[in-house]
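# Residue-level structure breakdown
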Amino acid sequence: MLHTVPAPQSPAQNASQGASQGARILSARVIVTCPGRNFVTLKIETDQGVYGVGDATLNGRELAVASYLEDHVIPCLIGRDAHAIEDIWQYLYRGAYWRRGPVTMTAIAAVDMALWDIKAKIAGLPLYQLLGGACREGMMVYGHANGVSIEETVEVAQSYKEKGYKAIRLQCGVPGLNSTYGVSKDKMFYEPADADLPTENLWDTEAYMRVVPKLFAAAREALGDEPHLLHDVHHRLSPIEAGRLGRDLEPYRPFWMEDAVVAENQDNFRLIRQHTTTPLAVGEIFSSLWDCKDLIQNQLVDYIRATVVHAGGVTHLKRIAAFADVYGVRTGCHGATDLSPITMSAALHVGRSIPNFGIQEYMRHTEATDEVFPHGYHFKDGLLYASETPGLGVDIDEEKAAKYPYQRAYLPVNRLKDGTLFNW
Ligand code: CS2
Ligand code: MG
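Residues numbered from 1 in each chain as written. Chains lettered and ligands numbered in written order. Predicted model: local features only at pLDDT ≥ 70, side-chain atom pairs only at ≥ 80, totals over all residues. Heavy atoms only, no water.

In terms of domain boundaries, the protein chain breaks down into domain 1 (2–126) and domain 2 (130–388). Counting residues at the interface gives 32 residues for domain 1 and 34 residues for domain 2. The junction of domain 1 with domain 2 conceals about 2500 Å² of combined surface from both sides, 64% of it contributed by carbon and sulfur atoms. When the buried area of domain 1 at its contact with domain 2 is split by residue, Phe39, Trp116 and Pro126 rank highest and sum to 21% of it. At the boundary of domain 1 with domain 2, the tally comes to three salt bridges. A salt bridge links Glu191 to Arg37; its shortest N-O distance comes to 2.9 Å. One can count 14 residue pairs in polar contact (both at pLDDT 80 or more) joining domain 1 with domain 2. When contributions to the side of domain 1 that touches domain 2 are tallied by element, the ones reaching two or more residues are strand E2 (39–46), strand E3 (51–55), helix H3 (85–94) and helix H4 (102–123). In terms of residue class, the side of domain 1 that touches domain 2 is made up of 18 nonpolar, eight polar and six charged. (Domains from an automatic or database assignment. Contact = heavy atoms within 4.5 Å. Buried area = accessible area lost by both parts, 1.4 Å probe. Salt bridge = Lys/Arg side-chain N within 4 Å of Asp/Glu carboxyl O. Polar contact = N/O pair within 3.5 Å; in protein donor to acceptor, adjacent residues only side chain to side chain. Helix = DSSP H or I, 4+ residues; strand = E, 2+ residues; numbered from the N terminus. Nonpolar A, V, L, I, M, F, W, Y, C, P; charged D, E, K, R; others polar.)

Between any two of four tetrahedral donors, the ideal angle at the metal is 109.5 degrees; between two of six octahedral donors, it is 90 or 180 degrees. For the magnesium ion (ligand 2), the full set of protein donor atoms is Asp232 (OD), Glu258 (OE) and Glu284 (OE), at a range of 2.0 to 2.3 Å. Expressed as a motif, the donor residue spacing for the magnesium ion (ligand 2) is D-x25-E-x25-E. Remark: Glu284 occurs in the loop between strand E9 (280–282) and helix H10 (289–297) and Asp232 occurs in strand E7 (residues 228–232); sequence separation between them is 52 residues. You can call Asp232 buried: its relative accessible area is 1%. (Donors = N, O, S within 2.8 Å, 3.2 Å for Na, K, Ca; no water. Buried < 20%, exposed > 50% of the residue type's maximum accessible area, 1.4 Å probe, protein only.)

Here it is as structure tokens:
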């Protein structure tokens, strides 16, 4: 049946068709809130009195997605059958003409998450049950140990091990640099969007490449062989530098080296593969399957990090995961603080339902964020467990959200010593 857009009907007219006709989208709106950092949320309401929520947060470009939804997407949703998730996805993707890209795919992701939330709520099931059911109970997560020095980072990593984490990411300061990606002032919460205009930091590749192997040697010494140790290079090396760092880390058996190089040139990973067996992870900045198809089918990476919120939602992430499974590539979804608890909830349902789940990043949100986004997922012994309530198992408390108005904030930029603008 073609989903032509009927004239919006009154609830009475809809009711006369009976609920079995589906759930018509009556309204949708964007909620921007800033409980310590900005989040953009889409709320879609139906004539069945059921609503769904979707994360639409794009760190540093939040209002672009809010406008894309309000000015270009929502008018096309009103009156549609909320159950027609795939059709609406295709309509918003192909119908935009200008396909892919972080703003477009984050907006589509928000609609997709909200529609899956609605469908699962009406079905009375937690979302993973509609995605094929459970392949596992809990999902292994990794926490973020960071510090200004190697010693401080290892100390924090020890505390994560004591909290039961089976996997720990290590990021430490670089001698001579007053700030670097991944090192936060507050050891439990990391928020890189730290200023009203981009902070300009200095970058020194040589100093960085000297310190990371020492960090891993110290961490293995202190933590033993058990814990999985991860590291995020954050796009800052050339392919041959990444090959060298991967080889330097091999004695410490890292779980992965993430974003070793800039992700646009996928041939880069062919060169890294020639020099190291350290597993490679990439994809948090990817917004579609087409960004990672070559990397996956040529097995140039081991983990794909595309997320529900930036890669087109539950529908598209399932597609990416299924494609990756064909080539033995596992998921390792991005889960930083700038992805709201709505994304984390959806990611856990997807993660629970796929055979090639690898690991889930878990940067805890602040209390204020958790109050604005009450959710049912919980952490136990190194695993995160998805909510069992119908839908995504997360909500937005609009009254609390209204207390935190939007505050413009940008991600930092890096410059080299000679002033060249570089990758942050
Ligand atoms: C990082 C993120 O979590 C990660 O792996 O790459 O912290 C990233 O820097 C932020 O999500 C950017 O907003
Ligand atoms: Mg990263």
